[in-house]
Amino acid sequence: MGYRAESRNRVRDRSIVIRNVYVMMAYAFRDIHQNGQDRFAGEDFDTIHDLFAEILIRGIGSQVKRGLHRDYRRRSEELATVRGRIDLTRTSAALSMVRGRVVCEFDEYELDTLHNRILKCVMILLIRKSSVSRERQDALRRLLPYFDSVELVAPASIRWNQLSFSRSSASYRMLMGTCELVIRGLLPTEEPGANSLLSWVTDEAMSSLYERFLLEYFRLHHPELSPAAAKVRWDIDGEHASGTDQLPAMYTDITLRRGGRTVIIDAKYYSKTMQVSQYGKSSIHSANIYQILAYTKNADVSRNGSVSGILLYARTDAGLQPDLNVTIQGNRIAARTLDLKLPWDMLRAQLEELTTWLD
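Note that this is a predicted model, so its numbers are computed, not measured.

Trainee: Talk me through a nonpolar patch on the surface; I want residue IDs and the actual numbers.
Mentor: Together, W234, I236 and L247 make up an exposed nonpolar region whose accessible area comes to about 240 Å². Its place among the elements puts L247 in the loop between β4 (231-232) and β5 (250-251).

Below is the structure:
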C-alpha cells in the first residue's frame, strides 16, 4: 500500500514539474495567456517530451494558419532570362553568353529560414523519441509536409547566436525556446529520476531559463516594482582610487524597487544547493554569499540598509536546503528556495512573498 502511494506521489510530482516547466517557458519567452497554463489545462503529459511536442504541435499549427516565417535569401543562378542583377564577371568566366544564358543574383522570398530549419530538425527529433506519445508523433508528421522546401540541418550545426527576431518572426520566440531546450539535451531519459528538473542542472540553458522566468514573472505581474536586470556600480571612495577599470562588472538577475527600498534577487539553479566542508559542515556556497553581499553593499550607496539581497535557489531533493535570514552590516541578506514541484498557485505564492520585502 505504501509503495503504491509513493508511486502515485512520484507521478503527481512529475506531472506538476512538467506543467511548471511550461509555465516557466511561457513567462521566459513572453507567451503568457491569462494565468500562464490554461492552454494545456485539459492535457495529460507523461513526459517532458510530450509537453514539448504539444507546444510545437499547437505553435506550428497556429503559424501555418497565419503563414510560416519567410525571409529574403540571396541566390545566384545561371538563367535564360534576366532576373535581378547580372553578375558580369561570373557570366563572362562561365561563357554563359555563348549559350544564351546569364548568371544573375537575386533575392527570393522563401520558407528556408533558420527559424524553420530549426523547427523541422526538432520535429524529426521528437518523432523519433519513444517517450513522445504515438498521437503526438502522428500530429508532428502531419505538419512536416509544410516544411518540404526547408533544408534539414544537423542539430549540432545550429548557431543559436545567429537567431534573431523581427516583427514578422516575434511569434516564434516560444517555439525557438522549446527547440533550444530540446537540442541542448534537456530532455530527460526514462531512467529513474530523469523527469526531475535536477537532471538538467548541468546545462547552462536551464539556469538561463530559470533566471528569465523569474525576471519576466515580476515584469508581468509587478511592473510597479520596475523589475530589471540592473548594473550595480562599485561604491568607490574616489580619494585614492586607481585602476577602477579593472574591477569586474556587477549585473543583477532581478532588481525590484519601491519607494526608497530595493531588493536584489540572484537566481541560482544547481544540483546541490549547499556546499559541504571537509569536516562535514553544510553551508551556503561561499561565492554566492560573497556575490549577493557585494551587490547589496555597493547598491546601498546611502548606507542606510534600504537595499536587501536574496539568493533564490531552485529547490532540490536534498534534506538540508538554504534557509538564511540575517542582517550583515545593516543590510538584510537571505537565501531561499523555490519549490518547482509545487502546484502553480503555491509556487506563485512563494514568488509573491518576495515582494513583501519592499513593504
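Trainee: Help me get a handle on the packing of helix α4 (residues 114-127) against helix α5 (residues 134-143), residues and values and all.
Mentor: Closest axis-to-axis distance for the α4/α5 pair is 9 Å, and the angle between their directions is 150 degrees. The pairing of α4 with α5 is recorded here as roughly antiparallel in orientation. Considering how the two elements wind past one another, α4 and α5 form a crossing that is left-handed. Within the contact between the two elements, α4 uses M123, L126 and I127 and α5 uses Q137, L140, R141 and L143. Here the residues of the contact of α4 with α5 are counted per class, giving five nonpolar, one polar and one charged.

Trainee: Talk me through the side chain of S131; I want residue IDs and the actual numbers.
Mentor: Within the secondary structure layout, S131 lies in the loop between α4 and α5. According to the relative accessible area criterion, S131 is buried, its value standing at 13%. Here H49 takes part through its side chain, which lies 3.0 Å from a polar atom of the side chain of S131.

Trainee: Which residues make up α4, and what values go with them?
Mentor: The end-to-end C-alpha distance of α4 is 20 Å, a good match for the 20 Å that 14 residues give at a rise of 1.5 Å each. Of all 14 residues in α4, 12 are buried; the element is thus mostly enclosed. Every buried residue belonging to α4 is among H115, N116, R117, I118, L119, K120, C121, V122, M123, I124, L126 and I127, and all of these are buried. The inward-facing, buried residues of α4 contact α2 (48-66), β1 (71-79), α5 and α6 (173-183).

Trainee: Could you give an account of the pattern of salt bridges, naming the residues involved and the relevant values?
Mentor: The tally for this structure, following the rule as stated, stands at 11 salt bridges. Among the ionic pairs, D112 bridges to R117, the shortest N-O distance being 2.8 Å. Given a relative accessible area of 9%, D112 falls into the buried group. The partner of R258 in a salt bridge is D359, and the shortest N-O contact between them spans 2.7 Å. A residue pair is termed long-range when its members are at least 10 positions apart, and R258 in strand β6 (residues 254-258) and D359 in the segment after α9 (344-355) qualify at 101 residues. With a relative accessible area of 65%, D359 lands in the exposed category. When salt bridges that share partners are traced, they join D50, E54, R58 and R136 into one network.

Trainee: Tell me about the pairing of strand β11 (residues 324-328), and please be specific about residues and values.
Mentor: As paired strands, β11 and strand β12 (residues 331-338) are joined by five bridges and run antiparallel to one another. Residue pairing across strands places L324 opposite A335, the latter belonging to β12. Between β11 and β12, which pair antiparallel and follow one another directly, the connecting turn spans two residues, one of which, Q329, has a positive phi of 50 degrees.

Trainee: Which residues make up the packing of α4 against α6, and what values do they have?
Mentor: In contact at an axis separation of 10 Å, α4 and α6 are set at 50 degrees when each is read in the N-to-C sense. The angle between α4 and α6 falls in the class oblique. Here α4 and α6 pass one another in a crossing that is left-handed. Here H115, I118, L119, C121, V122, L125 and L126 of α4 come into contact with α6, specifically with L175, M176, C179, V182 and I183.

Trainee: I'd like a description of the packing of aromatic side chains, backed by residues and values.
Mentor: Across all of its chains, the model carries seven aromatic pairs by this definition. Pairing Y217 with W344 gives two aromatic rings, centres 6.3 Å apart and planes at 75 degrees, and the pair type is edge-to-face. Separated by 127 residues along the polypeptide, Y217 in helix α7 (residues 204-221) and W344 in helix α9 bring together distant segments of the chain. Taken together, the ring pairs in this structure connect Y27, F213, Y217, F218 and W344 into an aromatic cluster. Residue placement shows R332 over the ring face of W357; its charged tip is 3.5 Å from the ring centre.

Trainee: Mind laying out the pairing of strand β10 (residues 307-314), listing which residues take part and the relevant values?
Mentor: Looking down a regular strand, the side chains alternate between one sheet face and the other. Along β10, eight of the eight residues are buried, which leaves the element largely enclosed by surrounding structure. Along β10, one buried face is formed by V307, G309, L311 and Y313 and the opposite face, lined by S308, I310, L312 and A314, is buried too. In terms of strand pairing, strand β7 (residues 261-268) meets β10 through seven bridges, oriented parallel. Bridging from a neighbouring strand, T262 pairs with V307 of β10.

Reading the values: rules and limits
- Residues numbered from 1 in each chain as written.
- Predicted model: local features only at pLDDT ≥ 70, side-chain atom pairs only at ≥ 80, totals over all residues.
- Heavy atoms only, no water.
- Patch = residues over 30% accessible without salt bridge, like charges linked within 9 Å, V, L, I, M, F, W, Y side chains within 5 Å.
- Areas by Shrake-Rupley, 256 points an atom, 1.4 Å probe, with all protein chains shown as cover.
- Salt bridge = Lys/Arg side-chain N within 4 Å of Asp/Glu carboxyl O.
- Helix = DSSP H or I, 4+ residues; strand = E, 2+ residues; numbered from the N terminus.
- Axes fitted to C-alpha atoms, helices over the stretch in contact; angles between N-to-C directions.
- Parallel < 35°, antiparallel > 145°, perpendicular 65-115°, else oblique.
- Left-handed = near helix turned anticlockwise from the far one by under 90°.
- Contact = heavy atoms within 4.5 Å.
- Nonpolar A, V, L, I, M, F, W, Y, C, P; charged D, E, K, R; others polar.
- Buried < 20%, exposed > 50% of the residue type's maximum accessible area, 1.4 Å probe, protein only.
- Polar contact = N/O pair within 3.5 Å; in protein donor to acceptor, adjacent residues only side chain to side chain.
- Expected span 1.5 Å × (residues − 1).
- Pairing = 2+ DSSP bridges.
- Phe/Tyr/Trp six-rings, centres within 6.5 Å; stacked < 30°, edge-to-face > 60°.
- Lys NZ or Arg CZ within 6 Å of the ring centre and 35° of its normal.

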